[in-house]
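Structural description and commentary
In case you want the letters, here they are:
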Amino acid sequence: FGRTTPLELESGRFIAEGDAYHLNLGYAVANEAFDEKVTSGAEMVIGGKTFQVVGIFKNVGGLRGRLQTLVSPDILMVAPLSVASEFIASERASL
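The rules we used
Residues numbered from 1 in each chain as written. Predicted model: local features only at pLDDT ≥ 70, side-chain atom pairs only at ≥ 80, totals over all residues. Heavy atoms only, no water. Pairing = 2+ DSSP bridges. Helix = DSSP H or I, 4+ residues; strand = E, 2+ residues; numbered from the N terminus. Core = buried A, V, L, I, M, F, W, Y, C linked by side-chain atoms within 4.5 Å. Buried < 20%, exposed > 50% of the residue type's maximum accessible area, 1.4 Å probe, protein only. Contact = heavy atoms within 4.5 Å. Phe/Tyr/Trp six-rings, centres within 6.5 Å; stacked < 30°, edge-to-face > 60°. Salt bridge = Lys/Arg side-chain N within 4 Å of Asp/Glu carboxyl O.

**Observations concerning the pairing of strand β4 (residues 49–57)**
- One ladder, built from three bridges, connects strand β1 (residues 9–12) with β4; its direction is antiparallel. The residue bridging Ser11 from the neighbouring strand is Ile56, located in β4.
- Note: strand β2 (residues 22–25) against β4, four bridges, orientation parallel. Considered in β4, the bridge of Leu23 is made with Val53.
- As defined by bridge partners, strand β3 (residues 43–46) adjoins β4 across four bridges and the pair is classed as antiparallel. Within β4, the residue paired with Val45 across the bridge is Thr50.
- As consecutive antiparallel partners, β3 and β4 are separated by two residues, and within that stretch Gly47 has a phi angle of approximately 60°, a positive value.

Now the structure itself:
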């Protein structure tokens, strides 16, 4: 993933080939979406599956949310394609 994105990491590493239940989180997801800040190495449960956070993207700023087809990287949760289909938009994540 790191070779295909202009995004930079604040901490940790990009998802790599062979990773399964690993995540990269946008800055706002890691720092503002939960009661406690999420750091690299933390585990999150999504849809009953446990994922390990391996990297946090640097803060990009700007509009946080969706404007037509534009989505801020600060609100992303990136998983390997092999498991991304297990995400359901209406599910809530927990630490």
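Having seen the structure, we can now continue with the description.
**Observations regarding the nonpolar core**
- Of all hydrophobic cores here, the largest spans 13 residues; its most connected members are Leu23, Leu25, Val38 and Val53.
- Residue assignment for this core shows that the elements contributing at least two residues are β2, α1 (27–32), β3 and β4.
- In terms of residues, this core owes the most to one element, β4, which gives three residues.
- If you look at the next biggest cluster of nonpolar residues, it comprises six residues, including Ile15, Val54, Phe57 and Val78.

**Side note on the environment of Ile56**
- Mapped onto the elements of the fold, Ile56 is located in strand β4.
- On the accessibility criterion, Ile56 (1% relative accessible area) is buried.
- The residues contacting Ile56, other than those within four sequence positions of it, are Leu9, Glu10, Ser11, Leu25, Tyr27, Ala30, Val38, Thr39 and Ser40.

**Some points on the packing of aromatic side chains**
- Following the criterion strictly, the structure yields two aromatic pairs and no others.
- Summarising the aromatic geometry, the rings of Phe14 and Phe57 are spaced 6.3 Å apart at their centres and angled 45° between planes, so their arrangement reads as tilted. Residue Phe14 is located in the loop between β1 and β2, and its partner Phe57 is located in strand β4; the two are separated by 43 residues in the primary sequence.
- Classification of Phe14 by relative accessible area gives partly exposed; the value is 22%.

**A few points about the pattern of salt bridges**
- Taken as a whole and assessed by the stated rule, the structure comprises two salt bridges.
- With its nearest N and O atoms 3.0 Å apart, the salt bridge here joins Lys58 to Glu8. One end of the pair, Lys58, is in the loop between β4 and β5 (66–67); the other, Glu8, is in the segment before β1, with 50 residues separating them in the sequence.
- When its relative accessible area of 39% is taken as the criterion, Lys58 is described as partly exposed.
- The closest approach of N and O atoms between Arg13 and Asp19, which form a salt bridge, is 2.8 Å.
- Overall, Asp19 belongs to the buried group, its relative accessible area being 13%.

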